[in-house]
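# Coordinate inspection notes
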Amino acid sequence: MKRRTSSTIPFGYKLTEDNTLEEIPEEKQALEKMVSLVKNKSISLREGATWLEYETGRYISHMGLKQIADKHE
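Here's what I pulled together on the structure shown here.

The rules behind each value
Numbers given to residues run from 1 along each chain, matching the order in which its sequence is written. Side-chain atom pairs in this predicted model are given and counted only at pLDDT of 80 or more, local residue features only at pLDDT of at least 70, and totals for whole chains, interfaces and linings cover all residues. With hydrogens and water set aside, each side-chain value is computed from the structure's full complement of heavy atoms. Put simply, DSSP H or I for four residues or longer makes a helix, DSSP E for two residues or longer makes a strand, and each gets a number counted from the N terminus. Restricting the calculation to C-alpha atoms gives the radius of gyration, and the globule rule supplies 2.2 Å times the number of residues raised to the power 0.38. Only protein chains enter the calculation, and the probe is 1.4 Å; a residue is then buried if its accessible area is under 20% of its type maximum, exposed if over 50%, and partly exposed in between. Working note: the arc is built from the helix axis to C-beta atom directions. What makes two residues a contact is simply this: any of their non-hydrogen atoms within 4.5 Å. We treat two strands as partners when DSSP finds at least two bridges between them. Expected helix span is computed as 1.5 Å times (number of residues minus one).

### A closer look at the overall build of the protein chain
If you tally the helices and strands in the protein chain, you get three helices and three strands. A compact globule built from 73 residues should have a C-alpha radius of gyration of about 11 Å, and the protein chain, at 12 Å, falls within 12% of that. Dimensions of the protein chain along its principal axes, counting C-alpha atoms only, are 40 × 25 × 20 Å. Each of the 73 residues in the protein chain was classed as buried or not, and the buried ones make up 30%.

Structural data, given as structure tokens:
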């Protein structure tokens, strides 16, 4: 579990009743897959964000995906 440090809940986590973040393994796996595909330019950021929303049911913007991909260098 991770302590919450901002008002935004990161993709791949959910907020628990005791105000900590709990990892969602399925979302994290899907995110890692999309970050990999975006970084090697197999798909666009918009396609990756759309696929993530379709697979997980959770919205992420293409710029949000870009910020995550940029951090995974």
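Back to the text.
### Considerations on helix α3 (residues 62-71)
Every buried residue of α3 is accounted for by Gly64, Leu65, Ile68 and Ala69. Down the axis, α3 shows its buried residues gathered within 135° of arc, on one side only. Among the exposed residues of α3, those oriented more than 90 degrees off its buried face are Gln67 and Lys71. Looking at the buried side of α3, the elements it contacts are α1 (25-39) and α2 (45-56).

### What about the pairing of strand β3 (residues 20-23)?
Look at any regular strand and the pattern is simple: side chains alternate between the two faces of the sheet. Relative to β3, strand β2 (residues 13-15) is paired through three bridges, and the arrangement is antiparallel. If you follow Tyr13 over to β3, its bridge partner there is Glu23. Counted between consecutive antiparallel strands, the loop separating β2 from β3 contains four residues, among which Asn19 sits at a positive phi close to 65°.

### Here's the deal with α2
An ideal rise of 1.5 Å per residue puts 16 Å on 12 residues; α2 measures up with 16 Å between its terminal C-alpha atoms. Where α2 is concerned, the buried positions are Gly48, Ala49 and Leu52. Projected down its long axis, α2 shows its buried positions confined to an angular sector of 95°, all on one face. Seen from the buried face of α2, the exposed residues on the opposite side, beyond 90 degrees, are Arg46, Thr50 and Tyr54. Packing partners of the buried residues in α2 comprise α1 and α3. Gly57 sits one or two positions beyond α2 and adopts a positive phi of about 80°.

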